[in-house]
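Take a look at the letters that make up each chain.
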Amino acid sequence: MSAHFPKFVQSSGSRETCYMNHHHKKLFCLFVSAWILIFTSFSQKVPESWLKSEFIVLLTSYVTWPEEAELDTFRIGILGADKVYSMLGMKADMDTLKNKPLSVEHFRRTRDVHQVQVLFLGKEKQAALKKVFKRFKDEPVLIITDSAMNYEYTMLNLLSKNMAGKPFEINKANTDN
């Protein structure tokens, strides 16, 4: 992957520089802990699509893109996942990401997908994961998947509330490169 990829951590020789300072790391851990508690406590009462839309925005807020300052809008694309798209669309109307407006686009077919800052692949589109990953691997696109089983092509993978344990996993090999 190129150096243009959005990263949590940037490598410089044998040294890694984290984009999050100590204060941000503490806040991130606090938010993730709170969301894990909410995710496990209220998962029977809260629609999973709402939780996934919240995680998409929350986790995205801790990623830095090249030339982020020049962005006028954060664009999130949803491939499949109609319910997540609906929830995220409502959230985009009321919320911002890094003090910039959110734009949410829905893609029904893989060939319709174009570059966005974040691309979420619904469960029903997992067969297209390898193709999408290879298409955007050298672009500054964060790919978030929904319970993907092909770990080799995941970056951030949101796990189903029916799966025991953590609500998401990070494939550092794909997010660090």
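Not measured: the values here are computed from a predicted model.

### A word on the packing of helix α2 (residues 48-60) against helix α3 (residues 82-94)
The geometry of a pair of packed helices is captured by two quantities: the angle between their axes and the separation between those axes. α3 packs onto α2 with a crossing angle of 55° between their chain directions and a minimal axis gap of 8 Å. It follows from the interaxial angle that α2 and α3 lie oblique. Between α2 and α3 lies a crossing of right-handed hand. Contacts from Ser 49, Trp 50, Lys 52, Ser 53, Glu 54, Ile 56 and Val 57 of α2 reach α3 at Lys 83, Val 84, Met 87, Leu 88 and Lys 91. In terms of residue class, the contact of α2 with α3 is made up of six nonpolar, two polar and four charged.

### Observations regarding α2
End to end, α2 covers 18 Å across 13 residues, agreeing with the expected 18 Å (1.5 Å per residue, within 8%). Most of α2 is tucked away: twelve of the 13 residues are buried. For α2, the full list of buried residues reads Glu 48, Ser 49, Leu 51, Lys 52, Ser 53, Glu 54, Phe 55, Ile 56, Val 57, Leu 58, Leu 59 and Thr 60.

### A word on the pattern of salt bridges
Under the counting rule described, the total for this entry stands at seven salt bridges. For Asp 146, the salt bridge is made with Lys 52, and the minimal N-O distance between the two is 3.0 Å. Of this pair, Asp 146 sits in strand β7 (residues 142-146) while Lys 52 sits in helix α2; the two residues are 94 residues apart in sequence, bridging distant segments of the chain. Both residues of the pair, Asp 146 and Lys 52, belong to the buried class. When the shortest N-O distance is used, the salt bridge between Arg 108 and Asp 82 registers 3.2 Å. Here the residue Arg 108 occupies a position in the loop between β5 (100-107) and β6 (118-121), and Asp 82 occupies one in helix α3, the gap between them amounting to 26 residues.

### What about the pairing of β7?
Of all the five residues making up β7, five are buried; the element is thus mostly covered by neighbouring parts of the structure. Neither face of β7 is left uncovered, since the one carrying Leu 142, Ile 144 and Asp 146 and the one carrying Ile 143 and Thr 145 both have all their residues buried. When β6 meets β7, the two strands line up parallel, connected through four bridges. In the strand pairing of β7, Leu 121 is matched with Thr 145. On the question of chirality, the crossover connecting β6 to the parallel β7 by way of helix α4 (residues 129-136) is right-handed. Of the pairings in the sheet, the one linking β7 to strand β8 (residues 156-158) comprises three bridges and is parallel in character. Across the sheet, the residue bridging to Thr 145 is Asn 157, located in β8.

### Some thoughts on the nonpolar core
For soluble globular proteins, nonpolar side chains are generally found buried alongside one another. The biggest cluster of nonpolar side chains holds 39 residues, and the ones touching the most others in it are Ile 56, Leu 119 and Ile 143. Listed by contribution, the elements that provide at least two residues to this core are α2, β3 (74-79), α3, β5, β6, α4, β7 and β8. Filtering out sequence-adjacent residues up to four positions away, Ile 143 remains in contact with Leu 119, Leu 121, Leu 129, Val 132, Phe 133, Phe 136, Met 155 and Leu 156.

Thresholds, definitions, all that
Residues numbered from 1 in each chain as written. Predicted model: local features only at pLDDT ≥ 70, side-chain atom pairs only at ≥ 80, totals over all residues. Heavy atoms only, no water. Axes fitted to C-alpha atoms, helices over the stretch in contact; angles between N-to-C directions. Helix = DSSP H or I, 4+ residues; strand = E, 2+ residues; numbered from the N terminus. Parallel < 35°, antiparallel > 145°, perpendicular 65-115°, else oblique. Left-handed = near helix turned anticlockwise from the far one by under 90°. Contact = heavy atoms within 4.5 Å. Nonpolar A, V, L, I, M, F, W, Y, C, P; charged D, E, K, R; others polar. Expected span 1.5 Å × (residues − 1). Buried < 20%, exposed > 50% of the residue type's maximum accessible area, 1.4 Å probe, protein only. Salt bridge = Lys/Arg side-chain N within 4 Å of Asp/Glu carboxyl O. Pairing = 2+ DSSP bridges. Right-handed = clockwise from strand over helix to strand, strands pointing away. Core = buried A, V, L, I, M, F, W, Y, C linked by side-chain atoms within 4.5 Å.

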